[in-house]
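Chain and residue survey
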Amino acid sequence: MLKAVTIALVLCGAMAAQQIKKVAVQPTLAGDGPAMFKEYCATCHGVEGRGNGPAMNATKKRPADLTQLARKNGGTFPDVHVMNYITGYDVVAAHGTRDMPVWGTLFRSLDPDSEGVAKLRVKVLAEYIKTLQAQ
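The sections below set out a description of the structure shown in this document.

Cut-offs used in this document
- Residues numbered from 1 in each chain as written.
- Predicted model: local features only at pLDDT ≥ 70, side-chain atom pairs only at ≥ 80, totals over all residues.
- Heavy atoms only, no water.
- Helix = DSSP H or I, 4+ residues; strand = E, 2+ residues; numbered from the N terminus.
- Buried < 20%, exposed > 50% of the residue type's maximum accessible area, 1.4 Å probe, protein only.
- Contact = heavy atoms within 4.5 Å.
- Areas by Shrake-Rupley, 256 points an atom, 1.4 Å probe, with all protein chains shown as cover.
- Salt bridge = Lys/Arg side-chain N within 4 Å of Asp/Glu carboxyl O.
- Phe/Tyr/Trp six-rings, centres within 6.5 Å; stacked < 30°, edge-to-face > 60°.
- Lys NZ or Arg CZ within 6 Å of the ring centre and 35° of its normal.
- Core = buried A, V, L, I, M, F, W, Y, C linked by side-chain atoms within 4.5 Å.
- Disulfide = S-S within 2.5 Å.
- Arc of directions from axis to C-beta.

On to the overall build of the protein chain. Within the protein chain, the regular secondary structure consists of five helices and two strands. Mapped from its N terminus to its C terminus, the protein chain presents α and β elements in the order β-β-α-α-α-α-α. Counting every position in the protein chain, which comprises 135 residues, the buried fraction comes to 36%. Across the protein chain, every contact between residues at least 6 apart in sequence was considered, and the portion connecting residues at least 24 apart equals 42%. In the form shown here, the protein chain has an accessible surface area of approximately 8200 Å², with 57% of it arising from carbon and sulfur atoms.

This brings us to the pattern of salt bridges. Counting across every chain of the model gives five salt bridges. Between Asp79 and Lys130 there is a salt bridge; the shortest N-O distance is 3.6 Å. One end of the pair, Asp79, is in helix H3 (residues 79-87); the other, Lys130, is in helix H5 (residues 115-131), with 51 residues separating them in the sequence. Among the salt bridges present, the one from Asp111 reaches Arg121, with a minimum N-O distance of 3.2 Å. Highlighted residues: Asp111 in the loop between helix H4 (103-110) and H5 and Arg121 in helix H5, separated in sequence by ten residues. Residue classification places Arg121 among the buried residues on the basis of a relative accessible area of 3%.

In this section: the packing of aromatic side chains. Scanning the model with the defined rule gives four aromatic pairs in all. Taken together, the aromatic side chains of Tyr40, Trp103 and Phe107 make up a single cluster linked through ring pairs. Sitting over the face of the ring of Phe107, Arg121 holds its NZ or CZ atom 5.9 Å from the ring centroid.

Let's shift gears to the environment of Ile129. Examined against the element boundaries, Ile129 turns out to sit in helix H5. Note: C-alpha distance between Ile129 and Thr67 (62 residues apart in sequence) is 7.7 Å. When residues no more than four places from it in sequence are discounted, the contact partners of Ile129 are Phe37, Leu66, Leu69, Phe77, Val82 and Ile86.

Our next topic: the nonpolar core. In terms of nonpolar packing, the biggest core is built from 21 residues, with Phe37, Tyr40, Ile86, Trp103, Phe107, Leu125 and Ile129 touching the most fellow members. Residue contributions to this core peak at six residues, all from H5. Once residues within four sequence positions are removed from consideration, Phe107 is found in contact with Tyr40, Ile86, Ala118, Arg121, Val122 and Leu125.

Let us look at the state of the cysteines. Counted under the stated rule, the structure contains zero disulfides. The closest cysteine sulfur to the non-disulfide-bonded Cys41 is located on Cys44, 8.9 Å from its own sulfur. For Cys41, a relative accessible area of 8% corresponds to the buried category.

Three or more residues of H3 are buried, namely Val82, Ile86 and Thr87. Seen end-on, H3 carries its buried residues on one side only, within an arc spanning 130 degrees. On its buried face, H3 is in contact with H4 and H5. One or two steps after H3, the chain reaches Gly88, where phi turns positive at roughly 105 degrees.

It is worth stressing that arrangement in space is one thing and function is another; only the former is reported here.
Printed below as a string of structure tokens:
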């Protein structure tokens, strides 16, 4: 089985320069959106989803402020787009490569015998991100 990876923050050097290090992905319960967000997303997006996590300066492009997704989509949360982005189906070629891991692949590696569990993880994570929307 391929070893899955996720993003972790490593502080090093006298100036505490930030680097992104790939480490083994840690499994969480597939139905626990807050736990998945904390484990897989908060390092870059911050615990409140504002794009201000501890690894934000280690990426080429600042992580998205996930609290503004509905506002930027005319007041409607873009469920399908968010799930497709998490899964890795939506990539904007003009933006170059993405720093964000393709979680669909990583989620499938956590439950290699069940494509359904990977899809559940993506859906539950997107539903949790929906709760973070600014009012």
